[in-house]
Amino acid sequence: MKKTVDSYQEFIDYFHISKNDLYMYGLSAVISVDEKTATEQYHIIKEKLLGNEELYIRGYGRNGINTRLYLDLYNMLFDNNKIKIDPTNNMVPRRNISKNTGHKINEDILNYQVSHIWGKTKNPILFESVWNICFIPRLYDPFTGHECKGGWNEEFTVLLNHYIYDKYESIISDYNQFLSDNDIKNKINSFVDLQIKQNQYDISTLERFKNDAPNEWETIKRL
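All of these numbers come straight from a predicted model, not from anything done at the bench.

**As for the packing of aromatic side chains**
To describe a pair of aromatic rings, one takes the distance between the centres and the angle between the planes.
So, point 1. Across all of its chains, the model carries 24 aromatic pairs by this definition.
So, point 2. Look at Y8 and W152: their rings are 5.5 Å apart centre to centre, the planes differ by 85°, and that puts the pair in the edge-to-face class. In this pair, Y8 is assigned in helix α1 (residues 7–14) and W152 in helix α7 (residues 152–167), connecting sequence segments 144 residues apart.
So, point 3. Its relative accessible area of 24% is what places Y8 among the partly exposed residues.

Pasting the structure below:
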């Protein structure tokens, strides 16, 4: 039986570093917003959502074909009809993290990318809030994706989750309370039931949305 060769393990063995060293350097190189600024920006976004002001989300479905479901949902949930699709799927998060850190990719920082820690990019609060966004070195992108094998991505993702969660714990607590106060999940179910009665979407699309939408509004947890 052939020996399994892991290129990541080969890399750290070659340079005589430990897996922990690799992970710790990755965390130290992540660029995120200070807690005070992140808190202020988060509350502004909440006020915009509840005040019928413009916010953005990523498109839903192939080429954003079913995004209208989310737009109608937010009109019902928050009386906000000004949610829009981000034209590039990443323009607004990139703008927000740049504005609040003072860094710009390909100007003063190179080989970084914008990443959402908890995803949930059809949720306007989490799509735009900088406590859910960071600059991560491209070198570490493989450690946050499903393509990586051998447990490396799971291990690094947990460490990154803990690092960001602990930094923004007070904001996350407020956000989770916001979800509870607004009874989001039950209202999503009521919205889907209404769509089924109105027969504007095929059943398979609505069933998928009924699973996807609550996930976008799950409470944030420390892994």
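**Points about the nonpolar core**
So, point 1. Counting 62 residues, the largest nonpolar core has Y74, W131, Y175, F209 and W217 as the members making the most contacts within it.
So, point 2. When residues no more than four places from it in sequence are discounted, the contact partners of Y74 are I57, D79, N80, I83, K122, N123, P124 and W217.

**Some points on α7**
So, point 1. Across its 16 residues, α7 extends 23 Å between first and last C-alpha, which sits within 8% of the 22 Å expected from 1.5 Å per residue.
So, point 2. The set of residues buried in α7 consists of W152, N153, F156, L160, N161, H162, I164 and Y165.
So, point 3. Along its buried surface, α7 packs onto α1, α2 (19–29), β4 (133–137) and α8 (169–181).

**Brief notes about the side chain of K122**
So, point 1. For K122, the location among the structural elements is in the loop between β3 (112–116) and α6 (124–128).
So, point 2. We note that K122 is buried and unpaired, the nearest opposite charge coming from E216 at a distance of 4.7 Å.
So, point 3. Non-local contacts of K122, meaning those with residues more than four positions away in its chain, are made with I57, R58, G59, Y60, Y70, Y74 and E216.

**Observations regarding the layout of surface pockets**
By rolling a water-sized probe across the atoms, one finds the places where empty space is left.
So, point 1. For the largest pocket, the calculated volume is near 390 Å³.
So, point 2. At five residues, the largest contribution of residues to the lining of the largest pocket is made by α7.
So, point 3. A breakdown of the residues in the lining of the largest pocket according to their chemical character gives six nonpolar, eight polar and one charged.
So, point 4. Counted as a void, the second largest pocket has a volume near 170 Å³.
So, point 5. Around the second largest pocket, the lining residues are Q41, I44, I45, K48, L55, R95, N96, K99, N100 and E128.
So, point 6. For the lining of the second largest pocket, a count of residues per class yields three nonpolar, three polar and four charged.

**Side note on the side chain of Q195**
So, point 1. On the secondary structure map, Q195 appears in helix α9 (residues 184–198).
So, point 2. In contact with Q195, not counting residues within four places along its chain, are L69, Q200, Y201 and L206.

**Notes on a nonpolar patch on the surface**
So, point 1. A cluster of nonpolar side chains, F11, Y14, F15 and I17, forms an exposed patch at the surface whose accessible area comes to about 440 Å².
So, point 2. Locating I17 in the fold gives a position in the loop between α1 and α2.
So, point 3. Given the relative accessible area of 31%, I17 is considered partly exposed.

**With respect to the packing of helix α3 (residues 35–50) against α8**
So, point 1. Viewed as axis vectors pointing N to C, α3 and α8 meet at an angle of 20°, and their least axial separation amounts to 10 Å. The orientation of α3 with respect to α8, classified from their angle, is roughly parallel. The hand of the α3/α8 crossing is right-handed. Where α3 abuts α8, its residues E35, A38, T39, Y42, H43, K46, L49 and L50 lie against S170, I171, D174, Y175 and F178.
So, point 2. Split by residue class, the contact of α3 with α8 holds seven nonpolar, three polar and three charged.

**Looking at the pattern of salt bridges**
So, point 1. Going through the model one piece at a time under the given rule, you end up with eight salt bridges.
So, point 2. Here K84 ties to E54 by a salt bridge, and the two come within 2.8 Å at their closest N and O atoms. One end of the pair, K84, is in strand β2 (residues 83–85); the other, E54, is in the loop between α3 and β1 (55–57), with 30 residues separating them in the sequence.
So, point 3. Judged by its relative accessible area of 37%, E54 falls in the partly exposed class.
So, point 4. Among the ionic pairs, E218 bridges to K185, the shortest N-O distance being 2.9 Å. Residue E218 is found in the segment after α10 (203–216), and its partner K185 is found in helix α9; the two are separated by 33 residues along the sequence.

Conventions we followed
- Residues numbered from 1 in each chain as written.
- Predicted model: local features only at pLDDT ≥ 70, side-chain atom pairs only at ≥ 80, totals over all residues.
- Heavy atoms only, no water.
- Phe/Tyr/Trp six-rings, centres within 6.5 Å; stacked < 30°, edge-to-face > 60°.
- Helix = DSSP H or I, 4+ residues; strand = E, 2+ residues; numbered from the N terminus.
- Buried < 20%, exposed > 50% of the residue type's maximum accessible area, 1.4 Å probe, protein only.
- Core = buried A, V, L, I, M, F, W, Y, C linked by side-chain atoms within 4.5 Å.
- Contact = heavy atoms within 4.5 Å.
- Expected span 1.5 Å × (residues − 1).
- Lys, Arg positive; Asp, Glu negative; His and termini not counted.
- Salt bridge = Lys/Arg side-chain N within 4 Å of Asp/Glu carboxyl O.
- 1 Å grid on protein atoms, 1.4 Å probe; cavity = no way out; pocket = protein on both sides within 12 Å on 5 of 7 lines; lining within 4 Å.
- Points joined across faces, edges and corners; volume = space filled by probe spheres on them.
- Nonpolar A, V, L, I, M, F, W, Y, C, P; charged D, E, K, R; others polar.
- Patch = residues over 30% accessible without salt bridge, like charges linked within 9 Å, V, L, I, M, F, W, Y side chains within 5 Å.
- Areas by Shrake-Rupley, 256 points an atom, 1.4 Å probe, with all protein chains shown as cover.
- Axes fitted to C-alpha atoms, helices over the stretch in contact; angles between N-to-C directions.
- Parallel < 35°, antiparallel > 145°, perpendicular 65-115°, else oblique.
- Left-handed = near helix turned anticlockwise from the far one by under 90°.

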